[in-house]
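# Residue-level structure breakdown
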Amino acid sequence: MKQKRNLHARHESIVNWVVQHGQTPVETLAREFSTSEVTIRKDLTLLAEQGRLIRQHGGAAPLNKPQPATKNQSSLKQAIGQLAASLVNDSHKIVIDSGSTTATMVEHLKQPSQLVVMTNSLDVANQLVTFDNEPTVLMTGGTWDKQSQSFQGNMAGKMLQSYSFDLAFVGAAGLDVEHGTTTYNELTLLSQEMARVAGKVVVLAESTKLRHKMPNIELAWQQVAVLVTDDGLPFSAEQQLNQQGVKVMKASLNGE
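Residues numbered from 1 in each chain as written. Predicted model: local features only at pLDDT ≥ 70, side-chain atom pairs only at ≥ 80, totals over all residues. Heavy atoms only, no water.

## Some words on the overall build of the chain
- Of the regular secondary structure elements, the chain holds nine helices and 15 strands.
- Split into buried and exposed, the 256 residues of the chain put 46% on the buried side.
- When the accessible surface of the chain is totalled, it reaches about 13400 Å², and 48% of it is carbon and sulfur. (Helix = DSSP H or I, 4+ residues; strand = E, 2+ residues; numbered from the N terminus. Buried < 20%, exposed > 50% of the residue type's maximum accessible area, 1.4 Å probe, protein only. Areas by Shrake-Rupley, 256 points an atom, 1.4 Å probe, with all protein chains shown as cover.)

Right, dumping it as structure tokens:
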């Protein structure tokens, strides 16, 4: 019983440490909690399975849990989603990644005819099947990921490889103007696969994501055709992205 209490206390302390200090290597945690690196790795694997932190090669990172959206943030997502939806035309074959901003985009689709959509998000699929002009909806399948509320893994990637699409719509946890979209999660396979099977990749992300530079590059700018963001994106950042071949579309709360 005492051993279980000690284990629980250590797990709580590890989560608190990672949340406070950010990305942390195994050796630091082993030193801080006076235990072996093997034990820390087991702890991190269990905590990741419980959805309490992100397991990374060599360490762990805190969950990038979004704060409840303010009215202004929600309106920005809506504006970005509406602008991205304007890129979809009749007979398009598109793939839509999971995420709150990409889901918002679906709300603004004008229900084009003969639309084909593949997604790994149940939220997106549930919205699509309510359309009067219901598109052909394809699911990636794969392993259900509770944290992202989507299907992930090798089987989802293999399903994508069987198709080709006109456009892929993906979100981003962070933006690095020099390198690309970024994430804490090292498992970037599915986003990469979506980019490979699409003629053009469209990234949907608020300009505030520029402040979220994370350690792992998800998509390099060379893979991205369009960034749909808001008018808070600095002009200097827009210029840098244009130089890398990325077209920037900026939504405004005023609808301009």
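## Regarding the pairing of strand S5 (residues 116-119)
- Pairing geometry for strand S4 (residues 93-96) and S5, over four bridges, is parallel. Residue Ile96 lies in a different strand from S5, and its bridge partner there is Thr119.
- Once you follow S4 into helix H5 (residues 100-107) and on to S5, the crossover reads as right-handed.
- Where S5 meets strand S6 (residues 136-139), four bridges bridge the pair, whose relative direction is parallel. (Pairing = 2+ DSSP bridges. Right-handed = clockwise from strand over helix to strand, strands pointing away.)

## Points about the nonpolar core
- Core analysis: the biggest nonpolar cluster contains 29 residues, and Leu160 and Val203 have the highest contact counts within it.
- At the level of elements, helix H7 (154-161), strand S9 (165-171), helix H8 (189-196), strand S12 (198-204) and helix H9 (235-243) are the ones that each hand at least two residues to this core.
- Residues in contact with Leu160, not counting those within four places in the same chain, are Val95, Met118, Thr140, Phe165, Leu190, Glu193, Met194 and Val197.
- In terms of nonpolar packing, the next biggest core, distinct from the first, is built from 24 residues, Ala84, Ile96, Leu167 and Phe169 among them. (Core = buried A, V, L, I, M, F, W, Y, C linked by side-chain atoms within 4.5 Å. Contact = heavy atoms within 4.5 Å.)

## A word on the packing of aromatic side chains
- Counting across every chain of the model gives two aromatic pairs.
- Judged by centre distance (5.1 Å) and plane angle (70 degrees), the ring pair of Trp144 and Phe151 falls under edge-to-face.
- Using a relative accessible area of 18% as the deciding quantity, one classes Phe151 as buried. (Phe/Tyr/Trp six-rings, centres within 6.5 Å; stacked < 30°, edge-to-face > 60°.)

## What to know about unusual backbone geometry
- Unusually for a residue other than glycine, Ser34 sits at a positive phi of about 50 degrees.
- With respect to the secondary-structure elements, Ser34 resides in the loop between helix H2 (26-32) and helix H3 (37-49).
- Even without a glycine there, the phi angle at Ser91 is positive, about 70 degrees.
- Here Ser91 lies in the loop between helix H4 (71-85) and S4.

These figures come from the coordinates and say nothing about function on their own.
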